[in-house]
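Residues per chain are reported as follows:
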Amino acid sequence: MTHPSPPSLPPAKFGIVDLFAGPGGLDIAATIMKDEGVESIGVEWDDATRATRAAAGLLTTDVKDVAALGPCDPSVVEATVLTGGPPCQSFSVAGSRKGHQALDDVLRLATRLADHEDEASFDVAWKEVKAETDAMSDDRTGFVLQPLRWIMEAKLKRRRPYEVVVLEQVPTVLPVWKHFVDILRRTGYAAEAHVLHTEDFGVPQTRRRAVLIAQFDPGNEHRKVRFPEATHQRYRKGAERLPPTHDHQDGSLFRTSRSGGDVEPWVSMGDALRATRSSDFVMVSNYGSGGDPKNRGRRESGEPAPTITGKVRRNRLYPLKWDRSGELVIRDEDELERLSFAEAGLLQSFPAAYPWRSTDVAQQIGNAIPPRLSLHILSMALLREPPQEKWYALLKEWQPEALAMPVAARRSGPPQTSLPVSSPASRRPRTGAPAKSSAK
């Protein structure tokens, strides 16, 4: 009896291995860039998230654990690019003693992994580092060191360094990325790390991400690394939305301008959800201020959404109404249907047809990097130029392969037992199911 070969990355000009890959925010962008020689394979622990990736047709390694793989493994040995978004929970307690201690630990341990000239000395250092991170009260703290291990092993064991490295996480991880930049420059990489705002790149949501881009370039380690330049207006509370700089006859949602330094207005929730939300609305955030629900953040449909998290289904929507004094009118009896998973995905810039699976979909969506932002980052990191205009339309119109095929050509199979994406016509519950924490 023969067994199918495990998934492996095919040879490619830009073969990406994506660590902590999630539901595919970066990998779906890579598929849009396929004509440029881009292929990707993800490493993902969570079974529910892996089900979404499978439904989307994304390549995923059989081995789930990033720590159990390395650059020499046959499934990823062809990779020329390393990307990843390690879990960030240890660093997300901003300002707390535990958060600062986690950062200090990672910076100290990262230094012990630097500047090794042979694999034997690196193996000794990694064994010591891993023993310490395994003993920590929160073992996720050590996950952020895994990309550095992969980078060093690619150079010392595989004897073929990654040509490009892209890492991203919440802004509190920026000090770690800055420290990695110093290490990578001593390893032959030109590298920089900055915080990017998602709405600057046409994502209908305000979200900040700390991004590291490194390109192997021995002898030119201190040259400037080009980062994506904003194509859209930065959102600020109370700011007036800019008029469009171009008349888009094609009706495309995600617009961009590269002429004369002009930027397009931010993309709003109303723009992204036009197919399902024809009337203006206000979103009341799940998060309160000082525990007072009356102080919860509010965004109108003409503004970008607040950061989409795993609790996105708890955000409440109401018709946009004003009283005579100019105050918003928000009444419980007027509450609209809450965001469907498809709508939450759209606010992350995922395609409307993205095939979310399992019972923790809100958490998957909240954990993901927006695909639209990924297009900008990958294009600058790999091609050193802005994304092609056609890619935005390809992302918006993307469908799973099974849906893209003619009906007669689709393969029959057992009934789908995983959670379907809600259609615009379906009733959305007024309360979202509790989001399960994933390993990411």
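Residue indices begin from 1 for each chain and proceed along its sequence in written order. For a predicted model such as this one, the threshold for reporting local features is a pLDDT of at least 70, and the threshold for listing and counting side-chain atom pairs is 80 or more; totals across whole chains, interfaces and linings nevertheless cover every residue. Think of the side-chain values as coming from all heavy atoms in the structure, minus any hydrogens and water.

Participant: Describe in detail the pattern of salt bridges, supporting the description with residues and values.
Facilitator: We define a salt bridge as a contact between a side-chain nitrogen of Lys or Arg and a carboxyl oxygen of Asp or Glu at a distance within 4 Å. If you walk through the whole model with that rule in mind, you get 24 salt bridges. The shortest N-O distance in the salt bridge between K157 and E153 comes to 3.6 Å. In this structure K157 comes out as partly exposed when scored by relative accessible area, which is 28%. Think of it in three bands: with a 1.4 Å probe and only protein chains considered, a residue is buried below 20% of the maximum accessible area for its type, exposed above 50%, and partly exposed in between. Classification of E153 by relative accessible area gives buried; the value is 8%. Each of D105, R108, R112, E128 and E132 takes part in one network of salt bridges that share partners.

Participant: Explain the pairing of strand β3 (residues 81-84) residue by residue, including any values.
Facilitator: Judged by which residues are buried, β3 turns out to be covered on both faces: V81 and T83 on one side and L82 and G84 on the other are all buried. Sheet topology places strand β1 (residues 14-19) next to β3; four bridges connect them, and they run parallel. Paired with V17 across the two strands is L82, which belongs to β3. In this analysis, strands are considered paired if DSSP registers two or more bridges between them. What counts as a helix is a DSSP run of H or I of at least four residues, what counts as a strand is a run of E of at least two, and both are numbered from the N terminus. Here β3 pairs with strand β4 (residues 164-169) via four bridges, running parallel. The residue of β4 that forms the bridge with V81 is V164.

Participant: Talk me through the packing of helix α10 (residues 371-383) against helix α11 (residues 389-397); I want residue IDs and the actual numbers.
Facilitator: Angles run from 0 to 180 degrees between N-to-C directions of axes, and those axes are lines fitted to C-alpha atoms, restricted for helices to the stretch in contact. Interhelical geometry of α10 versus α11 gives an angle of 145° and a closest axis separation of 11 Å. Here the hand of the crossing between α10 and α11 comes out right-handed. From α10, P371, R372, L375, H376, S379 and L383 reach across to α11, where they touch W391, Y392 and L395. Of the residues belonging to the contact of α10 with α11, the class tally is six nonpolar, two polar and one charged. Handedness of a helix crossing follows the sense of rotation of the near helix relative to the far helix, less than a right angle counterclockwise being left-handed and clockwise being right-handed. Contacts: residue pairs with any heavy atoms within 4.5 Å of one another. By the convention adopted, Pro, Cys, Tyr, Trp, Phe, Met, Ile, Leu, Val and Ala count as nonpolar, Lys, Arg, Asp and Glu as charged, and the other residues, Gly among them, as polar.

Participant: Which residues make up the packing of aromatic side chains, and what are the values?
Facilitator: Planes of paired rings set the category: under 30 degrees apart is stacked, over 60 is edge-to-face and the rest tilted, where pairs are Phe, Tyr or Trp rings (Trp by its six-membered ring) whose centres lie within 6.5 Å. Scanning the model with the defined rule gives eight aromatic pairs in all. Consider the rings of F350 and W356, whose centres lie 4.8 Å apart with planes at 70°: the pair is edge-to-face. Side by side, F350 and W356 carry an identical accessibility label, which is buried. Chaining the aromatic ring pairs together yields one cluster made of F350, Y354, W356 and W398. We count a charge as sitting over a ring when the NZ of a lysine or the CZ of an arginine lies within 6 Å of the ring centre and within 35 degrees of the ring normal. Over the ring of Y162 we find R158, and its NZ or CZ is 4.7 Å from the ring centre. The side chain of R372 reaches across the aromatic face of Y392, ending 3.8 Å from its centre.

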